[in-house]
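In case you want the letters, here they are:
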Amino acid sequence: MLTLSVSLHHYLILAAVLFGIGLFGVLTKRNAVAVLICVELMLNAININLLAFNKYITPGDFIGQIFAIFVITVAAAEVGVGLAIIIAIYRNKLSVNLDEFDWLKW
Amino acid sequence: MMAFLNSISWVAVAFHTLAAVVVISALLVVLVRNIVHAVLWLAVCFIALAGVFLTLDADFIALVQILVYAGAVCIMVVFGIMLIRRGNMGESNQFNRQVFAGGGVAVLVTLLSGVLSFRIRYAGSPPDVPENTVDQIATLLLSKYVIPFEVAALLLLVALVGAIFLAKEVKADADS
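A quick note: this is a predicted structure, and the numbers were derived from the prediction, not measured. (Residues numbered from 1 in each chain as written. Chains lettered and ligands numbered in written order. Predicted model: local features only at pLDDT ≥ 70, side-chain atom pairs only at ≥ 80, totals over all residues. Heavy atoms only, no water.)

Asks: Kindly report on the domain arrangement of chain B, identifying the contributing residues and their values.
Replies: Domain annotation of chain B identifies domain 1 (6-90) and domain 2 (130-176). Just the C-alpha atoms count here: the centres of domain 1 of chain B and domain 2 of chain B sit 23 Å apart. (Domains from an automatic or database assignment.)

Asks: Could you give an account of the pattern of salt bridges, with specific residues and numbers?
Replies: Throughout the structure, instances matching the rule amount to two salt bridges over all chains. With its nearest N and O atoms 3.9 Å apart, the salt bridge here joins D57(B) to K55(A). Of this pair, D57(B) sits in the loop between helix 3 (35-55) and helix 4 (59-83) while K55(A) sits in helix 2 (residues 32-56), each in a different chain. For K55(A), a relative accessible area of 18% gives the class buried. (Salt bridge = Lys/Arg side-chain N within 4 Å of Asp/Glu carboxyl O. Helix = DSSP H or I, 4+ residues; strand = E, 2+ residues; numbered from the N terminus. Buried < 20%, exposed > 50% of the residue type's maximum accessible area, 1.4 Å probe, protein only.)

Asks: Go over the interface of chain B and chain A, please, and point to the residues and values.
Replies: Contacts between the two partners involve 85 residues from chain B and, on the opposite side, 73 residues from chain A. Interface area for chain B against chain A, summed over the two sides, is near 7000 Å², with a carbon-plus-sulfur share of 77%. Considering only the side of chain B, the residues that lose the most area to chain A are L56(B), I84(B) and Y122(B), jointly responsible for 10% of the buried surface there. Seen at the junction of chain B and chain A, the total is one salt bridge. The interface formed by chain B and chain A holds eleven residue pairs in polar contact (both at pLDDT 80 or more) in total. (Contact = heavy atoms within 4.5 Å. Buried area = accessible area lost by both parts, 1.4 Å probe. Polar contact = N/O pair within 3.5 Å; in protein donor to acceptor, adjacent residues only side chain to side chain.)

Asks: Describe the confidence of the model for chain A, naming the residues involved and giving the relevant values.
Replies: Of all residues in chain A, 96% have pLDDT values of 70 or greater, and the mean over the chain is 89. Ranking the helices and strands of chain A by mean pLDDT puts helix 1 (residues 8-28) of chain A first, with 93, and helix 3 (residues 63-93) of chain A last, with 91. (pLDDT = per-residue confidence, 0-100.)

Asks: Can you explain the environment of V71(A)? Please cite residues and give values.
Replies: Residues and elements named next belong to chain A. Mapped onto the elements of the fold, V71 is located in helix 3. When its relative accessible area of 13% is taken as the criterion, V71 is described as buried. Residues V71 and V81, ten residues apart in the sequence, show an inter-C-alpha distance of 15 Å. The contact partners of V71, leaving out residues within four places of it in the chain, are L43, N47 and L50.

Asks: Account for the packing of helix 1 of chain A against helix 5 (residues 99-117) of chain B, with residues named and values stated.
Replies: Where helix 1 of chain A contacts helix 5 of chain B, the two axes come as close as 8 Å, and the packing angle between them is 165°. One element, helix 1 of chain A, and the other, helix 5 of chain B, form an angle in the roughly antiparallel class. Crossing of helix 1 of chain A over helix 5 of chain B shows right-handed handedness. Of the residues in helix 5 of chain B, those in contact with H9(A), L12(A), I13(A), A16(A), V17(A), F19(A), G20(A), L23(A), F24(A), L27(A) and T28(A) of helix 1 of chain A are V99(B), G102(B), G103(B), V105(B), A106(B), V109(B), T110(B), S113(B), G114(B) and S117(B). Here the residues of the contact of helix 1 of chain A with helix 5 of chain B sort into twelve nonpolar, nine polar and no charged. (Axes fitted to C-alpha atoms, helices over the stretch in contact; angles between N-to-C directions. Parallel < 35°, antiparallel > 145°, perpendicular 65-115°, else oblique. Left-handed = near helix turned anticlockwise from the far one by under 90°. Nonpolar A, V, L, I, M, F, W, Y, C, P; charged D, E, K, R; others polar.)

Here is the structure:
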């Protein structure tokens, strides 16, 4: 018989896999915009965790959902400022390759 | 046949389908070679994640997810790519030289958090999340969590001003 169920552990595993994919992209991508996108994937993995804990551990308090709203707010601000920084660097360097951003290295 | 259909938990079916879509589209975000296609797969991933949030009884967060991530963030990233477009777009999303080291670290972190998450113990069947989430979230945000709420508003304002200032063209005689 097919036993298809869903529990807190399913959500935590999904979040762990998504976080791992995002971390892999952050560590191995050459384009700065791609790294920014992968950071978004990691933040979304955290949101899955927050909402899953909200449902299975503190359903009446809404702590997880409110925290998830703040995470989404900060992520939106982070994308805006991050893209602005990338555009400003591109204007100086004419490149978005992270390997060429080496002004702090001597 | 009817007994079989009634025995399936449709929430579980929805969760597994959406989880598969999330993981596959997230992998494609990392693996495709054109960064515009990567952003399109990112939008697919975000919409599927909104579905996952719906299975977690978080309907307000799911709508915010579609509005903010699939709507605003993806469009903004596409505009950013347009402003910094250079050379061959088909080779715009490449890996650097640390693929194996980065892959190893990512696999280790995933395995560690997966193993740790199986050690969690919680009460078997929790009470349901209240039906009307928007009312509860609104009341809490404007009473108990009003200071973080205002700080978040200030953060958004600062980010807006900072983004405009950073992205603005710097004139050569700006300091005169």
